[in-house]
Amino acid sequence: DAGITQSPRYKITETGRQVTLMCHQTWSHSYMFWYRQDLGHGLRLIYYSAAADITDKGEVPDGYVVSRSKTENFPLTLESATRSQTSVYFCASSEGQGALYEQYFGPGTRLTVT
Amino acid sequence: AQKVTQAQTEISVVEKEDVTLDCVYETRDTTYYLFWYKQPPSGELVFLIRRNSFDEQNEISGRYSWNFQKSTSSFNFTITASQVVDSAVYFCALPSGSARQLTFGSGTQLTVLP
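Okay, so let's go over this structure. In this text, all values refer to a predicted model and were calculated from it rather than measured experimentally. Here, residues in each chain are numbered from 1, in the same order as that chain's written sequence. For naming, the first written chain is A and the first written ligand is 1, with later ones following in the order written. Owing to the predicted nature of the model, reporting of local features is limited to residues with pLDDT of at least 70; listing and counting of side-chain atom pairs is limited to 80 or more, with chain, interface and lining totals taken over all residues. Hydrogens and water molecules were not included; the side-chain quantities draw on all heavy atoms of the structure.

**What about the sheet that holds strand β7 (residues 64-66) of chain A?**
Residues and elements named next belong to chain A. Here a strand pair is declared whenever DSSP counts at least two bridges between the two strands. A run of H or I in DSSP counts as a helix once it spans at least four residues, and a run of E counts as a strand once it spans at least two, with each numbered from the N terminus. Strands sit in the order β1-β3-β8-β7 across an open sheet of four strands; the sheet is antiparallel. Taken across any chain shown, the strands that pair with only one partner, and hence form the sheet edges, are β1 (4-7) and β7. Geometrically, the sheet is characterised by an average inter-axis angle of 20° between neighbouring strands, direction not taken into account. For strand β3 (residues 19-25) and strand β8 (residues 76-78), the ladder comprises three bridges, and the chain directions are antiparallel. Bridge pairing in β8 places V19 opposite L78. Orientation is described by axes fitted as lines to C-alpha atoms, over the contacting stretch for helices, and by angles from 0 to 180 degrees between their N-to-C directions.

**Some thoughts on the layout of surface pockets**
Of the pockets and cavities examined, the largest pocket occupies roughly 760 Å³. In terms of lining, the largest pocket is formed by 34 residues, of which the most central are A:Q37, A:L39, A:R110, B:Q39 and B:V89. Sort the elements by how many residues they give to the lining of the largest pocket and strand β11 (residues 109-113) of chain A lands first, with four residues. Side-chain classes are defined by residue name, with Ala, Val, Leu, Ile, Met, Phe, Trp, Tyr, Cys and Pro counting as nonpolar, Asp, Glu, Lys and Arg as charged, and the others, Gly among them, as polar. Here the residues of the lining of the largest pocket sort into 12 nonpolar, 18 polar and four charged. Whether a set of points on the 1 Å grid over the protein atoms alone is a cavity depends on a 1.4 Å probe fitting there but being unable to get out, while an open set qualifies as a pocket with protein on both sides within 12 Å along at least five of seven lines; lining residues are those with an atom within 4 Å of a point. Grid points are joined across faces, edges and corners, and a volume is the space filled by probe spheres set on the points.

**Digging into the state of the cysteines**
Criterion for a disulfide: a pair of cysteine sulfur atoms at a distance within 2.5 Å. Enumeration over the complete set of coordinates arrives at two disulfides over all chains. Residue pairing for A:C23: its cysteine sulfur links by disulfide to A:C91, the two sulfurs lying 1.8 Å apart. Because the sign of the S-S torsion sets the handedness, a value of about -75° for the bond joining A:C23 and A:C91 places this disulfide among the left-handed ones. In this pair, A:C23 is assigned in strand β3 and A:C91 in strand β9 (residues 87-94), connecting sequence segments 68 residues apart. The pair A:C23 / A:C91 is uniform in exposure class, with both members buried. Here B:C23 connects covalently by a disulfide to B:C92, the sulfurs 2.0 Å from one another. Where B:C23 bonds to B:C92 through sulfur, the torsion about that S-S bond is close to -65°, and the disulfide is left-handed. Of the two residues, B:C23 sits in the loop between β3 (19-21) and β4 (24-26) while B:C92 sits in strand β10 (residues 88-96), which places them 69 residues apart along the sequence. The exposure class of B:C23 is buried, given its relative accessible area of 0%. In this scheme, a residue with accessible area under 20% of its type's maximum is buried, one over 50% is exposed, and one in between is partly exposed, where area comes from a 1.4 Å probe on protein chains only.

Dropping the structure here:
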């Protein structure tokens, strides 16, 4: 199916473990984004990518790593998970320049770090 | 810095009532875009509208309408004849950081009661 998918949808991990959240889009959109959503903070940008092999930090990048070797994939890795990284993570894509165009969001990954 | 304020944290209405969600923004840009997104109970974020600051005409799409007033830095969203399916969290957003990031308001939880 066309669209943007995230996996896993739910994940429980322990403090200190490495976790990778996957994001895949079928539109060939150039821009992709990772957000986290927390009560009291709304949606905050972690990282974004303007194209394959081009990534940049957002508002809250510490503790996260991204890569984009292919246009359609934009994985997010928590190198050593902490409890403060318990959140709902959304991936999004956009065909236009950065945040000037509408972004299409994946269904989200609910991550719990114990 | 860009800022989006949604002062209404929660609104509850009875079905068929009209409801307006407020959005006030701050920006130093002379031209900019504004967005509204909907997050239903299922969790995904759905794009509703993108508005260019050049165009101050009201936008209407079915039961949805948007009132953009540059003079008061507001971009309010009205749902006419609300329905239970309109129950969701609604976010207003504004690009920032050289248009690379989308700054979201904290959201308004709308509950439409049958």
